[in-house]
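What the coordinates show
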Amino acid sequence: MDLFDSLKSKIDGKNLTIVLPEGEDPRILGAATRLVKENILKPILIGDETEIKKIAEEKSFDLADIQILDPKHYADFEIMVEKFVERRKGKNTKEQAETMLLDNNYFGTMLVYMGLADGMVSGAIHSTGDTVRPALQIVKTAPGNSRISGSFIMQKGDERYMFADCAININPNAQELAEIAVQTAHDAKLFDIDPKVAMLSFSTKGSAKSDDVTKVVEATKIAHELAPDLPLDGELQFDAAFVPSVGAQKAPGSKVAGHANVFVFPELQSANIGYKIAQRFGGFEAIGPILQGLAKPISDLSRGCNEEDVYKSAILTAALAL
Ligand SMILES: CC(C)(COP(=O)(O)OP(=O)(O)OC[C@H]1O[C@@H](n2cnc3c(N)ncnc32)[C@H](O)[C@@H]1OP(=O)(O)O)[C@@H](O)C(=O)NCCC(=O)NCCS
Ligand SMILES: CC(=O)OP(=O)(O)O
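Let me sum up the structure you'll find in this document. (Residues numbered from 1 in each chain as written. Chains lettered and ligands numbered in written order. Predicted model: local features only at pLDDT ≥ 70, side-chain atom pairs only at ≥ 80, totals over all residues. Heavy atoms only, no water.)

Comments concerning the packing of aromatic side chains
In this structure the tally under the stated criterion is 11 aromatic pairs. Seen in terms of ring centroids, F84 and Y106 are 6.1 Å apart; in terms of plane orientation they differ by 80 degrees. Their pairing is edge-to-face. Here F84, found in helix α4 (residues 77-88), pairs with Y106, found in helix α6 (residues 104-113); they are 22 residues apart in sequence, far enough to count as distant. Residue F84 is classed as buried on the basis of its relative accessible area of 0%. (Phe/Tyr/Trp six-rings, centres within 6.5 Å; stacked < 30°, edge-to-face > 60°. Helix = DSSP H or I, 4+ residues; strand = E, 2+ residues; numbered from the N terminus. Buried < 20%, exposed > 50% of the residue type's maximum accessible area, 1.4 Å probe, protein only.)

This is the structure we're talking about:
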């Protein structure tokens with residue numbers, strides 16, 4: 001079954017609500033309208049109501065049944081400020097909270113934290129830092145996770161893979177990289193991928209020596225300790241991880257080499273560049289970044305996203321709320 005048909009059937013009838021803090025962007029409005037029309041979930045748009053209605057009219061989007069909230073006129077703003085200050089435990093004053101919560105991403109994240117929405121999708125306009133910082137500060141990590149990371153589902157036809165961490169941790173150490181691998185394998189299962197995890201490098205099984213390679217070797221060792229039953233191998237070059245004949249030549253005996261479907265990059269530069277190359281040269285659809293390890297589902301978008309990406313990310317985020 002198509003991944004999104006499967007996710008839609010999981011959330012069907014659950015009346016889940018997803019906050020879209022960039023309510024004035026036509027891609028967001030288009031996706032929200034479609035989600036309502038198809039009765040998939042309830043979007044909550046954040047922004048200036050008059051402006052949102054004006055854009056919707058220009059683009060002929062029907063906003064009936066879509067809730068719009070403007071932080072400037074939110075009736076329970078004071079309650080939200082109180083809860084924010086309580087959550088930030090001395091890190092932000094009431095005065096700071098009053099300003100911060102006028103920001104759509106902070107406001108939207110608080111709706112999710114307070115249980116007034118099931119999830120949030122943002123990042124069509126905002127950078128990843130501005131999108132995820134409120135989530136890191138307010139929602140924080142789920143039990144058993146020391147960090148959050150960001151993965152992409154990469155799909156084309158019948159092919160479906162996961163790439164990580166393409167979004168958050170700039171230069172993870174070995175322990176962090178191992179946790180990213182385990183998190184991504186966990187999420188892969190939610191998206192009907194039976195994970196075989198490759199810990200990527202520019203070296204395969206000792207073919208090159210450097211501190212960067214040693215980090216991946218260490219991470220592989222730690223990941224085995226964290227998840228002994230998980231098929232995972234490293235360090236592997238991408239060709240050794242993906243192409244069966246190359247895997248057999250460069251990493252004979254490996255159960256993962258040549259058959260990997262979850263690719264863990266050594267740091268953010270290669271991961272972010274890698275997913276965009278697969279997307280733009282390779283014609284893969286890139287769904288994400290999916291934030292892994294957060295206590296509540298919040299997803300980022302690439303600023304290069306289109307309406308379809310927003311629509312799919314909202315469905316996926318809702319499914320993560322179950
Ligand atoms: C994610 C990112 C924005 C966080 O950086 P930051 O805002 O400087 O974060 P700070 O170090 O100030 O930490 C802010 C909070 O987030 C927490 N945090 C930061 N990184 C975290 C992580 N990976 N997992 C969990 N919590 C994290 C901190 O503990 C801190 O919490 P606190 O305020 O309660 O103490 C930063 O790592 C980043 O810019 N990453 C790259 C994003 C990017 O450009 N990606 C490419 C495009 S997708
Ligand atoms: C995920 C990502 O790279 O986001 P952006 O393109 O918005 O920087």
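Description of the environment of P231
The topology assignment puts P231 in the loop between α9 (211-226) and β8 (232-236). Taking the C-alpha atoms as reference points, P231 and E38, separated by 193 residues in sequence, lie 39 Å from one another.

Points about the site of ligand 1
Among the 19 residues in the neighbourhood of ligand 1, the closest are listed as K91, T128, R133, I148 and A167. Considered on its own, ligand 1 offers 950 Å² of accessible surface; in the complex 63% of this is hidden by protein. Of all the secondary structure elements, the ones that give two or more residues to the shell around ligand 1 are α7 (128-139) and α12 (268-280). Counting residues per element, the shell around ligand 1 draws most heavily on α7, at six residues. Looking at the shell around ligand 1 residue by residue, the classes come out as eight nonpolar, six polar and five charged. (Near = heavy atom within 4 Å. Areas by Shrake-Rupley, 256 points an atom, 1.4 Å probe, with all protein chains shown as cover. Nonpolar A, V, L, I, M, F, W, Y, C, P; charged D, E, K, R; others polar.)

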